[in-house]
Amino acid sequence: MPSSPLIDSVNAGLPTWFAPVVGFFVLAASSEMLFVGLLAGGANSWIAAAAALAVNSRHLPYGLAATDVLGTGWKRYARIHLVNDETVAFAAAQQTPAARRLAYTWSGLGILITWPVGALLGSVIGRMFDVAIIGLDAMFPAVILALIMSGIRDPRTRNGCLAAAVIAVGAALVLPEGIAPVLAVLALPLMRPRP
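Everything numeric here is computed off the predicted structure, so don't read it as measured data. (Residues numbered from 1 in each chain as written. Predicted model: local features only at pLDDT ≥ 70, side-chain atom pairs only at ≥ 80, totals over all residues. Heavy atoms only, no water.)

The helix and strand tally for the protein stands at 11 helices and zero strands. Scanning the protein from its N terminus toward the C terminus, one meets helices and strands in the order α-α-α-α-α-α-α-α-α-α-α. Out of the 195 residues belonging to the protein, those deemed buried represent 34%. (Helix = DSSP H or I, 4+ residues; strand = E, 2+ residues; numbered from the N terminus. Buried < 20%, exposed > 50% of the residue type's maximum accessible area, 1.4 Å probe, protein only.)

Structural data, given as structure tokens:
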């Protein structure tokens, strides 16, 4: 099972520029991992793209949660590209609309720059040794856990996160990579505020 777009692109012998370009234009880790993993496994590029788009459907609720920070005009379209779990989490942690928009925009720009640059550096360095031995696959889950730590103090949120983890882990054992996180949304009703 592939563990990251970097490891897969290096192991599959894809060009050095491939992971950074995908990182810039897709800007969604699960979709990138699935896309590169399927290509590395020999899948047709159209099938890989369709599967990645299906996994990217998780951004619909993120987009709905970020409507107040997107703005209008061309800035709205530019900010839409930045919709992901991290930018929405940073925005949601802020108290005022202006602070939400600022946190969303700057965290999104930071990700838009550092993710492809990191993928480029990783692709170059990864060709020098076996990247699987240094545990890069644990980094992304650790970042997500750090982002949600303050939110899981609430019992409903904590129970919803635990249920989502159980669903995702169980689904990951039997379904293709990238599908399990989408199924984790089945735990959302547990997080609904009490009437």
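Structurally, the position occupied by A78 is in helix 6 (residues 73-80). By relative accessible area, which is 39% here, A78 ends up partly exposed. For the pair A78 and T105, spaced 27 residues apart in sequence, the C-alpha to C-alpha distance is 9.5 Å.

Attention now goes to helix 4 (residues 45-55). The complete set of buried residues in helix 4 reads A48, A52 and V55. Angularly, the buried residues of helix 4 cover 60° about the axis, an arc narrow enough to put them on a single face. Residues of helix 4 that are exposed and point more than 90 degrees away from the buried face comprise W46, I47 and L53. (Arc of directions from axis to C-beta.)

All right, on to the side chain of S107 then. Along the polypeptide, S107 turns up in helix 8 (residues 97-126). Within the local environment of S107, its side chain forms a polar contact with the backbone oxygen of A103, the two atoms lying 2.7 Å apart. Apart from the residues lying within four places of it in its own chain, the contact partners of S107 are T87 and F90. (Polar contact = N/O pair within 3.5 Å; in protein donor to acceptor, adjacent residues only side chain to side chain. Contact = heavy atoms within 4.5 Å.)

This brings us to a nonpolar patch on the surface. Where nonpolar side chains cluster on the molecular surface, the patch consists of I113, V117, L120, L121, V124, I125 and M128 and spans about 650 Å² of accessible area. Topologically, M128 is positioned in the loop between helix 8 and helix 9 (139-148). We classify M128 as exposed; its relative accessible area is 62%. (Patch = residues over 30% accessible without salt bridge, like charges linked within 9 Å, V, L, I, M, F, W, Y side chains within 5 Å. Areas by Shrake-Rupley, 256 points an atom, 1.4 Å probe, with all protein chains shown as cover. Salt bridge = Lys/Arg side-chain N within 4 Å of Asp/Glu carboxyl O.)

Another point: the nonpolar core. Of all hydrophobic cores here, the largest spans 11 residues; its members are L27, A66, V69, L70, L82, V83, V88, A91, Y104, I111 and L112. For this core, the elements supplying multiple residues, two or more each, are helix 7 (85-92) and helix 8. Among all residues touching L70, those that are not within four sequence positions of it are K75, R76, R79, I80, V83 and Y104. (Core = buried A, V, L, I, M, F, W, Y, C linked by side-chain atoms within 4.5 Å.)

Turning to the side chain of R100, a few remarks are in order. Along the polypeptide, R100 turns up in helix 8. For R100, the side chain forms a polar contact with the main-chain oxygen of A91, separated by 3.4 Å.

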